[in-house]
Amino acid sequence: MTPSSPSLRRLLFSGRHPLATHHHLRCRHSLSASAPAAGAYAATPSPSRDRAARLAAAVHGAAAAKNFAHAVRLTKSLVQASSSPGRSPASTAPTSAGAAFAALASTSTSPAPALGVLVIALCQMRLLDEALSVFRRLRTLPELPACNAILDGLVKARRFGYAWELFDEMLSRGMVPSVVTYNTLINVCRHQGDVTKAQEVWDQMVGRQIDPNVVTYTTMICALCEEGCIGDAERVFGAMKEAGMQPNLYTYNVLMSSHCQRRDVNSAFVLYQELLKSGLVPNAVIFTTLIDGFCKVKRFGEAKEMFLDMPRFGVAPTVPVFNSLMDGAFKSGNAQKALAVYQEMSSHGLCPDEFTCSIVVRGLCDGGQIQVAARFLEGARQSGANLNAGAYNALIDEYCKNGNLEEALATCTRMTEDGIEPNVVSYTSLIDGYSEVGNTQMAMAIYTEMVAKGIQPNVVTYTALIRGHAKNGGLDAAFRLHKEMIEKGVSPNAITVSVLVDGMCRENRAQDAVRFVMEYSGMEYNDLHSFFSNSSAEEDHLIPNGVIHMTLIYGLYIDSQHYEAGKLFSYMRKSGMVPDSFTYTLLIRGQCMLGYVLNAMTLYADMMKIGVKPTRRKVVCPEIWSWVPLNDTRTVVS
């Protein structure tokens, strides 16, 4: 074996603790429901005997001459010729595959090569169960290409457990796997999200003195990137180049896409430059990845430069490229440029897809141009453009945020009339809108309709309902909904907890709020004073979220428990969480009211140090408490 085939364990983890060894490579899974019985093709009718015999003889001849591509084409013709006229291919697949098997088996004394070709042809025709049945009927193992084809077919059908068992069986029947076999198995590990097992497959391959190829390296890089192991993926990429293998466009795109998802577009661009130096010509996928990456970090100018560079490489712009540019322009706050990109897409003769309209409507709504967004959506409807729920949901959500619930409901109705069913996002926006204005009865009615239609509420739905009840004095109902969501397997998030905490604080139940948060965090609670007096250093980090901290600080402050609020603030800072300006303002005002000016100045200095900007205007409680009127006693001035 050449030095270019290191153990992946040493490649990735030299100098580090190796990953724990996974269970044995070859897992056992039931085969019972995976393929028709071996006798399923008994007594199956065949096509015209003369035509079947001619095709079968031609398949045998092509297989004997090792012209497998031609043999596969002929075999597909034989299978199609065996289909019953007037019936769908799927319904006649077992019969036609059986007839093809019979024709090939009866026209040669050594039909094994041609029957192996039949397995390949059936896999390519996506008749996987029929291919498995033929495989089961063969007394001897077919040649390796047929084994690889059936394993690959199982991967594409996402029947991963069966793939492992069939590989185990093939080994027991004498198969000598190739690099193609192992590439398929590493791909199984990728789909299963098991990089440890992929490492085991790699090491087993190297142990058999089989060198990895470009596909092997690329598949492993893809598996690592999908599991967030970008550092390990970079090391495999480096080892690939050291082994003298040229990464292909797919290899580069996998890494570039992973960097862009982490908003590290600079690293992605370095890879793009390396790609060009290696002599590869970028395609539309590469350009889409980079353009989308630049747009996500609001570097619209560089995204546009990439777009203008496409013709130099003979790459025509695609709808996804225009979609990324439009999205980037909107996120950069330039709606005019975004709409200009939309017009440019039309001038290229490209039809907007369903995502295009959603991007435009959402972008216009985010920019406060709700009327323009509504006119655009209506024009798209009338022109017969492709629309999905996303475009309607963007408009519904914006109407709800503006308190225009009548128009939000009307948009939802038009959505249904256009044949697009409202989804969990549609209903949640309406529920949140009615909860915001205190109409919990209407919010619950929408919730009931949603559940009746079989649409499962998510954590955002429940949180909106809980918030509506909690802020309008229905704390008991809020806790009933909290219990219901847990019973239905929907886990509360930090906002859910914060809303309930705020509801308790509004009813002057600060101790209950602290108890609730501590129970949520897995801490023991005796009373409020003992918690702040006796908490150990280890407990300082148990309350997991800054929003929860700030909600509690607010509740303690309005309950005139300024010492406890300051103590909780201290825990928050020790945990590395960054308070907002509202929280700092509360505490600074509290310290000033108590006469602790030096403490107030220290808090102000800390605020400046971590980059939280003070405000010179009337400050209203943040999102969680946004319903507090401006003349409420809990409004503060900074």
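Data block above holds the structure.
Calculation rules
Residues numbered from 1 in each chain as written. Predicted model: local features only at pLDDT ≥ 70, side-chain atom pairs only at ≥ 80, totals over all residues. Heavy atoms only, no water. Core = buried A, V, L, I, M, F, W, Y, C linked by side-chain atoms within 4.5 Å. Buried < 20%, exposed > 50% of the residue type's maximum accessible area, 1.4 Å probe, protein only. Helix = DSSP H or I, 4+ residues; strand = E, 2+ residues; numbered from the N terminus. Contact = heavy atoms within 4.5 Å. Expected span 1.5 Å × (residues − 1). Arc of directions from axis to C-beta. Phe/Tyr/Trp six-rings, centres within 6.5 Å; stacked < 30°, edge-to-face > 60°. Lys NZ or Arg CZ within 6 Å of the ring centre and 35° of its normal.

Asks: How do you make sense of the nonpolar core when you look at a structure like this?
Replies: Here is a general trend for soluble globular proteins: nonpolar side chains tend to be buried in one another's company. I150 and I291 are the most contacted members of the largest nonpolar core, which totals 186 residues. Broken down by element, the residue count for this core peaks at nine residues, all from helix α5 (residues 112-124). Beyond its immediate stretch of four places on either side in the chain, I150 contacts V119, C123, L128, A131, L132, F135, L166 and M170.

Asks: For this particular structure, what's the right way to read helix α3 (residues 68-81)?
Replies: The periodicity of an α-helix, 3.6 residues per turn, causes residues three or four places apart in sequence to face the same way. Across its 14 residues, α3 extends 20 Å between first and last C-alpha, which sits within 8% of the 20 Å expected from 1.5 Å per residue. Within α3, the full set of buried residues consists of A71, V72, L74, T75, L78 and V79. Viewed end-on, α3 has its buried residues packed into an arc of 165°, placing them on one side of the element. Among the exposed residues of α3, those pointing more than 90 degrees away from its buried face are R73 and Q80.

Asks: How should I be thinking about the packing of aromatic side chains in this particular structure?
Replies: Within a pair of aromatic rings, the relevant descriptors are the distance that separates the centres and the angle that separates the planes. Tallied over the entire structure, the rule returns eleven aromatic pairs. Judged by centre distance (5.3 Å) and plane angle (65°), the ring pair of F307 and F322 falls under edge-to-face. Note that F307 is positioned in helix α16 (residues 300-309) and F322 in helix α17 (residues 319-331), a separation of 15 residues in sequence. Grouping residues by exposure puts F307 and F322 together as buried. Positioned above the aromatic ring of F101 is the side chain of R137, whose terminal nitrogen or guanidinium carbon lies 3.9 Å from the ring centre. Lying across the ring of W164, K197 places its NZ or CZ 3.9 Å from the centre.

Asks: How should the environment of H482 be read in this particular structure?
Replies: Along the chain, the position of H482 falls in helix α26 (residues 475-487). Taking the C-alpha atoms as reference, H482 lies 8.8 Å from L500; in sequence the two are 18 residues apart. With near-sequence residues (within four places) excluded, H482 lies in contact with I466, P492, L500 and F516.

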